[in-house]
Amino acid sequence: MNKQKDAAQVGLGLRREMLSEFCAQVPDTIDFFEVAPENWMTLGGKFGRQFRELTEQHTFYCHGLSLSIGGPEPLDVTFIKNIKTFMDLHQIQIYSEHLSYCSGQGHLYDLMPIPFTDAAVKHVAARVKQVEDIIERPLILENVSFYAAPGAQMSELEFVNAVLQEADCKLLLDVNNIYVNSVNHQYDAEAFLKAMPTERIAYLHIAGHYKQAEDLLIDTHGAAINDPVWALLQRCYALHGIKSTLLERDFNLPTTAELMLEIEQIRNYHTAALSYNAQNSRHAVKRIA
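What counts and what doesn't
Residues numbered from 1 in each chain as written. Predicted model: local features only at pLDDT ≥ 70, side-chain atom pairs only at ≥ 80, totals over all residues. Heavy atoms only, no water. Helix = DSSP H or I, 4+ residues; strand = E, 2+ residues; numbered from the N terminus. Buried < 20%, exposed > 50% of the residue type's maximum accessible area, 1.4 Å probe, protein only. Contact = heavy atoms within 4.5 Å. Areas by Shrake-Rupley, 256 points an atom, 1.4 Å probe, with all protein chains shown as cover. Pairing = 2+ DSSP bridges. Axes fitted to C-alpha atoms, helices over the stretch in contact; angles between N-to-C directions. Polar contact = N/O pair within 3.5 Å; in protein donor to acceptor, adjacent residues only side chain to side chain. Phe/Tyr/Trp six-rings, centres within 6.5 Å; stacked < 30°, edge-to-face > 60°. Salt bridge = Lys/Arg side-chain N within 4 Å of Asp/Glu carboxyl O.

**Student:** Help me understand the overall build of the chain in this model?
**Tutor:** Secondary structure assignment for the chain yields 9 helices and 12 strands. In the chain, buried positions account for 50% of the 289 residues. Of the contacts made within the chain by residues no fewer than 6 positions apart, 79% connect residues no fewer than 24 positions apart. With the model as given, the accessible surface of the chain reaches about 13,800 Å², and the carbon-plus-sulfur share is 51%.

What follows is the structure, given as structure tokens:
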């Protein structure tokens, strides 16, 4: 049975390189793992056995890569059914995907920006309902990093909120993506963050990026988190409350000890936000009295 905790949790994206170490011992500071189901559904042998060992003892989330929720072609129903089978097998209840598309007449092997249009809002929302009917779980959508906005009739902020409203779905809020986009597209990251609907935020992602130029950041998940992104995470907790937060690191993997430093930093921000909220509550009670 997966362990469950009620409070906001701190998680880590699981990579195959981590399996043997974590099968021996999972650090207490990790509350849950997240995996891309496409990378794990067909695993057998040693990796498959190790993965099953971990899912039997720990909480797992799924964060997909190839659903192509905004794509022009019909959804791959067989693929979605395979996702459901995988989640049922491992008792995984959380499934999130990118608010993007990655296929047309073939697979594009990248996450492409959906045109920010009213038609795209309705298209995505209808497909969200289709996916949810198949997986028998909510589909959570993530705000994505993007480098061009072809055919845009509204802003990214307007588009994200419109999709969430039309689809009546939850949001996986990626704090790093907000920062990356704010630099690349020259908008106020805190204003964007503040405009996100608190009640729809399911959990958070945080990651590192690559600075190619002063006005061009690349969302790589291959570096340590930098100070502006840490600051935006703290601001997110202040604006929206403490949310479960996952650390993404997809390549240039450091030692587990180094990753745990970032996990501990997230947990420290949770603690600080809890303390701040508690102090404010006490002050409010005194004012009322």
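**Student:** What am I meant to see in the sheet that holds strand S9 (residues 201–206) here?
**Tutor:** Remark on secondary structure: sheet strands pair via backbone hydrogen bonds, oriented parallel or antiparallel. Read around the closed barrel, 8 strands run S1-S2-S3-S4-S7-S8-S9-S12, paired in parallel fashion. Across the sheet, the axes of successive neighbouring strands diverge by a mean angle of 30°, strand direction being ignored. As paired elements, strand S4 (residues 94–98) and strand S7 (residues 140–142) share 3 bridges and run parallel to each other. For His98, the partnering residue across the bridge sits in S7 and is Glu142.

**Student:** How should I be thinking about the side chain of His221 in this particular structure?
**Tutor:** Within the secondary structure layout, His221 lies in the loop between strand S11 (216–218) and helix H8 (227–240). Among the polar contacts listed, one links the side chain of His221 to the side chain of Asp219, at a separation of 3.2 Å. A polar contact of 3.3 Å, which involves the side chain of His221, links it to the side chain of Glu248. Setting aside anything within four residues of it in sequence, one finds His221 in contact with Ala207, Gly208, Glu248, Arg249, Asp250 and Phe251.

**Student:** Just to check I follow, could you spell out the packing of aromatic side chains for this structure?
**Tutor:** Two descriptors summarise a pair of aromatic rings, namely the distance from one centre to the other and the angle between the planes of the rings. Across all of its chains, the model carries 12 aromatic pairs by this definition. Considering the side-chain rings of Trp230 and Tyr269, the 5.5 Å spacing of their centres and the 65° angle between planes classify their relative orientation as edge-to-face. Of this pair, Trp230 sits in helix H8 while Tyr269 is found in helix H9 (residues 256–288), placing the two residues 39 residues apart along the sequence. With respect to class, Trp230 is no different from Tyr269; both count as buried. Taken together through their ring pairs, the aromatic side chains of Phe22, Phe33, Trp40, Phe51, Phe60 and Phe86 make up a single cluster.

**Student:** Where do I start with the pairing of S9 in this structure?
**Tutor:** If a strand is regular, its side chains alternate between the two faces of the sheet. For S9, the buried fraction is high: 5 of the 6 residues fall into the buried class. When strand S8 (residues 171–174) meets S9, the two strands line up parallel, connected through 4 bridges. Its bridge partner lying in S9, Leu171 is registered against Ile201. Sheet topology note: the S9/strand S12 (residues 245–247) ladder contains 3 bridges and is parallel. Paired with Leu204 across the bridge in S12 is Thr245.

**Student:** What exactly am I supposed to notice about the environment of Ile201 here?
**Tutor:** In this structure, Ile201 sits in strand S9. Taking the C-alpha atoms as reference points, Ile201 and Tyr269, separated by 68 residues in sequence, lie 18 Å from one another. Ignoring sequence-local partners within four residues, the contact set of Ile201 consists of Leu171, Leu173, His240 and Lys243.

**Student:** I tried to follow the side chain of His98 on my own but got confused; where do I start?
**Tutor:** Here His98 lies in strand S4. A polar contact is formed between the side chain of His98 and the backbone oxygen of Gly64, at a distance of 3.0 Å.

**Student:** In this structure, what is going on with the pattern of salt bridges? I would like to understand it.
**Tutor:** Where side chains of opposite charge bring their charged atoms close, a pairing between them can arise. Per the stated rule, a full pass over the model turns up 9 salt bridges. Here Glu136 makes a salt bridge to Lys84, at a shortest N to O gap of 2.9 Å. Here the residue Glu136 occupies a position in the loop between helix H4 (118–135) and S7, and Lys84 occupies one in helix H3 (residues 77–89), the gap between them amounting to 52 residues. In this structure Lys84 comes out as buried when scored by relative accessible area, which is 18%. Where Glu190 meets Arg235, a salt bridge forms, and the shortest distance between an N and an O atom there is 2.8 Å. Of the two residues, Glu190 sits in helix H7 (residues 189–194) while Arg235 sits in helix H8, which places them 45 residues apart along the sequence.

Everything listed here is a matter of geometry and, on its own, says nothing about what the molecule does.
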